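# Fold and geometry: a report
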Amino acid sequence: MPGIRLEPLSTKHVDGVRRLVADPAVLRFTRIPEPVPIDFPDRWIGRYEEGRRDRTREGFALEASPGATFLGLALVPAIDLEARTAELGYIVAEEARGRGVATEGLHLLTDWAFSELGALRLELLISVENEASKRVAERCGYEREGVLRSTYVKPGVRDDVEIWSLLGSDD
């Protein structure tokens, strides 16, 4: 889907984040706690704003332009500047799924991480059951490295998670 851009995540995106965290499909494959605390969207955005300042994480809204329509999130939940690695993730709003938003968002986020962070290695952690996300990773050139069995996802939830990576030196 052309016309997607990364917009630094801020309080102006709280309504879009509220809609995302109310979606059972989002809760199934993310670390968002269940039940979702009422103030979670505000606190989550605040953690990404703090991470932006100390360079430990970064968050972006995926927006369609023109119009700045909220389509989802492109996230960097973990940045290790010394190791030059980062974990990336993406969440697409229900109404934007199936239109290439995740693929374009991951392309943009990947380019950002290599150019702005100077990352040498990027990682995605994807539930073995999340076929759509695995297709996005593959389309963006990431390689499946293996399965991390019974990984802690959130309180009360462990899952088998595939690790996918992309190196700056990959073609």
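Above this text you will find the structure in question.
Now for a look at the structure at hand. (Residues numbered from 1 in each chain as written. Predicted model: local features only at pLDDT ≥ 70, side-chain atom pairs only at ≥ 80, totals over all residues. Heavy atoms only, no water.)

Right, let's talk about helix α1 (residues 14-21) for a bit. Turning to α1, its buried residues number three or more, namely Val-14, Gly-16, Val-17, Leu-20 and Val-21. Taken around the axis of α1, the buried residues stretch over an arc of 155 degrees, which confines them to a single face. Contacts made by the buried residues of α1 are with α2 (24-28), α3 (40-54), β3 (69-80) and β4 (85-92). (Buried < 20%, exposed > 50% of the residue type's maximum accessible area, 1.4 Å probe, protein only. Helix = DSSP H or I, 4+ residues; strand = E, 2+ residues; numbered from the N terminus. Arc of directions from axis to C-beta. Contact = heavy atoms within 4.5 Å.)

By the definition in use, this model includes 16 salt bridges. Its salt-bridge partner being Asp-23, residue Arg-97 comes within 2.5 Å of it at the nearest N-O pair. Separated by 74 residues along the polypeptide, Arg-97 in the loop between β4 and α4 (101-116) and Asp-23 in the loop between α1 and α2 bring together distant segments of the chain. Residue classification places Arg-97 among the partly exposed positions, given a relative accessible area of 34%. Close ionic contact of Arg-121 with Glu-145 constitutes a salt bridge, the shortest N to O distance being 2.8 Å. Note that Arg-121 is positioned in strand β5 (residues 121-127) and Glu-145 in strand β6 (residues 143-154), a separation of 24 residues in sequence. Taking the relative accessible area as the measure of exposure, Glu-145 reaches 45% and is therefore partly exposed. Taken together, the shared-partner salt bridges in this structure form one network comprising Arg-5, Glu-7, Lys-12 and Glu-63. (Salt bridge = Lys/Arg side-chain N within 4 Å of Asp/Glu carboxyl O.)

Pairing is mixed in the open sheet, where seven strands are placed in the order β1-β2-β3-β4-β5-β7-β6. Whereas interior strands pair on both sides, the edge strands pair on one side only; in this sheet they are β1 (4-8) and β6. Taking each pair of neighbouring strands and ignoring which way they run, the sheet shows an average axis angle of 30 degrees. Looking at chain direction, strand β2 (residues 58-64) and β3 are connected through seven bridges and run antiparallel. Residue pairing in the sheet places Ala-64 in a bridge with Thr-69 of β3. Packed onto the sheet, α1 meets β3 and β4 and runs at close to 85 degrees relative to β3. Contacting β4, β5 and β7 (157-167), helix α5 (residues 131-139) runs over the sheet at an angle of about 160 degrees to β5. (Pairing = 2+ DSSP bridges. Axes fitted to C-alpha atoms, helices over the stretch in contact; angles between N-to-C directions.)

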